[in-house]
Amino acid sequence: MDQQPKKKKAAFNIIKSDPTDGHGGFGVGALSLDNVSPVFIDLEDEEVFVDIGAMHARSVVEKGIKFLPNREEVPAGDKFYWLVWVTIGRKLESPYYAGVAACEMTVNREARRGYKSLPEHVNRMDKSMKHHIIVDHMDEKSKHLLREFLKGHNEALWNASEPELKKALLEA
């Protein structure tokens, strides 16, 4: 039986450079992950930090944990985290925090189990890349921690950000 080689299909590409650099061909319109950062909020320790490992589910928080899609299956004693996808956009004047979308995650280190909804995490990262602000489901303390972290990380980016973000993060 004569086997023909399978035709290679176009797959999602992570493109490091500008896909619209003039050629107008393959890759035009592809999204780049270059300007997205995963920001963790640890409510218990009131700590906010960036961990690029989260781009591939390899963050310090996620390592060694088997994530389950059902919150009730995770043994008691879990620690709660927000994973916030933050995208930097560019206006004519300056860069700014363009997309901010949060999703929740719990981790029980002792049991090596945790909860997260992988589809939610992927969809929220996508929404952030498309410059959506999705933080309305976060509590006030988490919003405050995130606001202070973003301001402290780069005040110029914060100042150039849209009023929608500042209002969503309870900026007076």
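Some points on unusual backbone geometry
- Positive phi, normally seen in glycine, also occurs at glutamate 46, with a value near 50°.
- With respect to the helices and strands, the residue glutamate 46 is situated in the loop between strand S1 (36–42) and strand S2 (47–50).

Some details on the side chain of glutamate 104
- Mapping glutamate 104 onto the fold places it in strand S5 (residues 95–108).
- In terms of polar contacts, glutamate 104 uses its side chain to reach the side chain of arginine 71, at 2.5 Å.
- Non-local contacts of glutamate 104, meaning those with residues more than four positions away in its chain, are made with Arg71, Phe80, Tyr81, Trp82, Tyr115, Lys116, Glu120 and His121.

Examining the packing of aromatic side chains
- A complete count under the given rule lists three aromatic pairs for this structure.
- Geometrically, the ring pair formed by phenylalanine 40 and phenylalanine 49 is stacked, given 5.4 Å between the ring centres and 15° between the ring planes.
- Ring centres 6.4 Å apart and planes at 85° place the aromatic pair phenylalanine 40 and tyrosine 81 in the edge-to-face group. Of this pair, phenylalanine 40 sits in strand S1 while tyrosine 81 is found in strand S4 (residues 79–90), placing the two residues 41 residues apart along the sequence. Across the pair, exposure class does not vary: phenylalanine 40 and tyrosine 81 are buried alike.
- Here the aromatic cluster, defined as three or more aromatic residues joined through ring pairs, consists of Phe40, Phe49 and Tyr81.
- Note that lysine 91 overlies the ring of tyrosine 96, its terminal NZ or CZ placed 4.7 Å from the centroid.
- For lysine 116, the ring lying beneath its charged end belongs to phenylalanine 67, and the centroid distance is 4.7 Å.

So, the confidence of the model for the chain
- Summary statistics for the chain give a mean pLDDT of 84 and a share of 80% for residues scoring 70 or more.
- Note that pLDDT drops below 50 for residues 7–31; the model gives that stretch 20 contacts with residues more than four away or on any other chain.

A few points about the nonpolar core
- In this structure, Ile41, Val84, Val100, Met138, Leu146 and Leu150 are the most contacted members of the largest nonpolar core, which totals 21 residues.
- Counting residues per element, the ones that place at least two in this core are S1, S4, S5, helix H2 (140–153) and helix H3 (155–160).
- The biggest single contributor to this core is H2, with four residues.
- Leaving out residues up to four positions away in the same chain, methionine 138 has contacts with Ile41, Trp82, Val84, Ala102, Lys143 and Leu146.
- One finds Val61, Ile65, Cys103 and Met125 within the second-largest nonpolar core, a separate group that totals 15 residues.

The rules we used
- Residues numbered from 1 in each chain as written.
- Predicted model: local features only at pLDDT ≥ 70, side-chain atom pairs only at ≥ 80, totals over all residues.
- Heavy atoms only, no water.
- Helix = DSSP H or I, 4+ residues; strand = E, 2+ residues; numbered from the N terminus.
- Polar contact = N/O pair within 3.5 Å; in protein donor to acceptor, adjacent residues only side chain to side chain.
- Contact = heavy atoms within 4.5 Å.
- Phe/Tyr/Trp six-rings, centres within 6.5 Å; stacked < 30°, edge-to-face > 60°.
- Buried < 20%, exposed > 50% of the residue type's maximum accessible area, 1.4 Å probe, protein only.
- Lys NZ or Arg CZ within 6 Å of the ring centre and 35° of its normal.
- pLDDT = per-residue confidence, 0-100.
- Core = buried A, V, L, I, M, F, W, Y, C linked by side-chain atoms within 4.5 Å.

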